[in-house]
Amino acid sequence: MFLLALFCSSVNAGEKVDALNEQAIAMIDSDLDAAEALISELIEEHPQNHLTHFYCGRIMGRQAGEAFLKRLAMQKVTGMYEKSGCFSAREYYI
C-alpha cells in the first residue's frame, strides 16, 4: 500500500513538472527571461528531470542567438563593425 501511494505521488509530481516544462517552453517566443526563471526554478527542485535540462538548453540557446543578433545589428547601425576590427572570413583568407 505504501509503495502504491509513493508511486502515485511521484506520478503527480511528474505531471506537475511536465506541465511547468510546457509552460516554460510556451513562453520561449514571448518572454525569455520569465521562461529562464521558471526553468531555473524547476532545475533546482527537480535536478534529475532530463526534459527540464533540455528545455533549459533551448531557452539559453535562444537567448544567446538573440543577444548575438542584437549586438550585430547595433554594430551595423553605429558603424562600429568596421571600427571594431571585425572582418569576414573572406577578407581574412584573401
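Note that the coordinates shown come from a computational prediction; the quantities given were computed from them, not determined experimentally. Residue positions are given per chain, counted from 1 along the sequence in the order it is written. Local features in this predicted model are restricted to residues of pLDDT 70 or higher, and side-chain atom pairs are both shown and tallied only at a pLDDT of 80 or more, whereas totals for entire chains, interfaces and linings draw on every residue. Side-chain descriptors were evaluated using all non-hydrogen atoms of the structure, hydrogens and water having been removed beforehand.

### Some words on helix H2 (residues 32-45)
Alright, step 1. Helix numbering and strand numbering both begin at the N terminus, where a helix is a DSSP run of H or I of at least 4 residues and a strand a DSSP run of E of at least 2. Every helix has an expected span of 1.5 Å times one less than the residues it contains. Over its 14 residues, H2 extends 20 Å from the first C-alpha to the last, a length consistent with the 20 Å expected when each residue adds 1.5 Å.
Alright, step 2. For H2, the set of buried residues is Leu-32, Ala-35, Leu-38, Ile-39, Leu-42 and Ile-43. End-on, the buried residues of H2 take up no more than an arc of 140 degrees, which puts them together on one face. Across from the buried face of H2, at angles greater than 90 degrees, the exposed residues are Asp-33 and Glu-44. Any residue under 20% of the maximum accessible area for its type is buried, any over 50% is exposed, and the rest in between are partly exposed; the area is computed with a 1.4 Å probe on protein chains only. The arc in question is traced by the directions running from the helix axis to the C-beta atoms.

### Notes on the pattern of salt bridges
Alright, step 1. Whenever a carboxyl oxygen of Asp or Glu lies within 4 Å of a side-chain nitrogen of Lys or Arg, that contact is scored as a salt bridge. If you walk through the whole model with that rule in mind, you get 1 salt bridge.
Alright, step 2. Residues Asp-29 and Arg-62 are paired through a salt bridge, measuring 2.9 Å at the closest nitrogen-oxygen approach. Within this pair, whereas Asp-29 is found in the loop between helix H1 (2-26) and H2, its partner Arg-62 is found in helix H3 (residues 50-78), the two being separated by 33 residues in sequence.
Alright, step 3. Given a relative accessible area of 30%, Arg-62 falls into the partly exposed group.

### Some remarks on the environment of Arg-58
Alright, step 1. As for its placement among the helices and strands, Arg-58 is situated in helix H3.
Alright, step 2. Arg-58 sits 33 residues away from Ile-25 along the chain, and the two C-alpha atoms are 8.4 Å apart.
Alright, step 3. By definition in these notes, contact holds between two residues if any of their heavy atoms fall within 4.5 Å. Setting aside chain neighbours within four positions, we find Arg-58 in contact with Ile-25 and Ile-28.

### Focus: the packing of aromatic side chains
Alright, step 1. Under the pairing criterion, centres of Phe, Tyr and Trp rings, with the six-membered ring standing for Trp, must be within 6.5 Å; the plane angle then separates stacked pairs below 30 degrees from edge-to-face pairs above 60, leaving the rest tilted. Scanning the model with the defined rule gives 1 aromatic pair in all.
Alright, step 2. With centroids separated by 5.8 Å and ring planes inclined at 50 degrees, the aromatic side chains of Phe-54 and Tyr-55 adopt a geometry described as tilted.
Alright, step 3. Here Tyr-55 falls in the buried class, since its relative accessible area comes to 10%.

### Looking at the confidence of the model for the chain
Alright, step 1. Note: pLDDT gives the predictor's confidence per residue, expressed from 0 to 100. When pLDDT is averaged along the chain, the result is 77, and 69% of the positions lie at 70 or above.
Alright, step 2. Mean pLDDT in the chain bottoms out at helix H5 (residues 89-93), which sits at 48, and peaks at H2, which reaches 93.
Alright, step 3. Predicted confidence is poor over residues 1-11, with pLDDT under 50, and the contacts of this stretch with residues over four places away or in other chains come to 0 contacts.
Alright, step 4. Across residues 89-94 the pLDDT falls below 50, and counting only partners more than four positions away or on other chains, this stretch makes 1 contact in the model.

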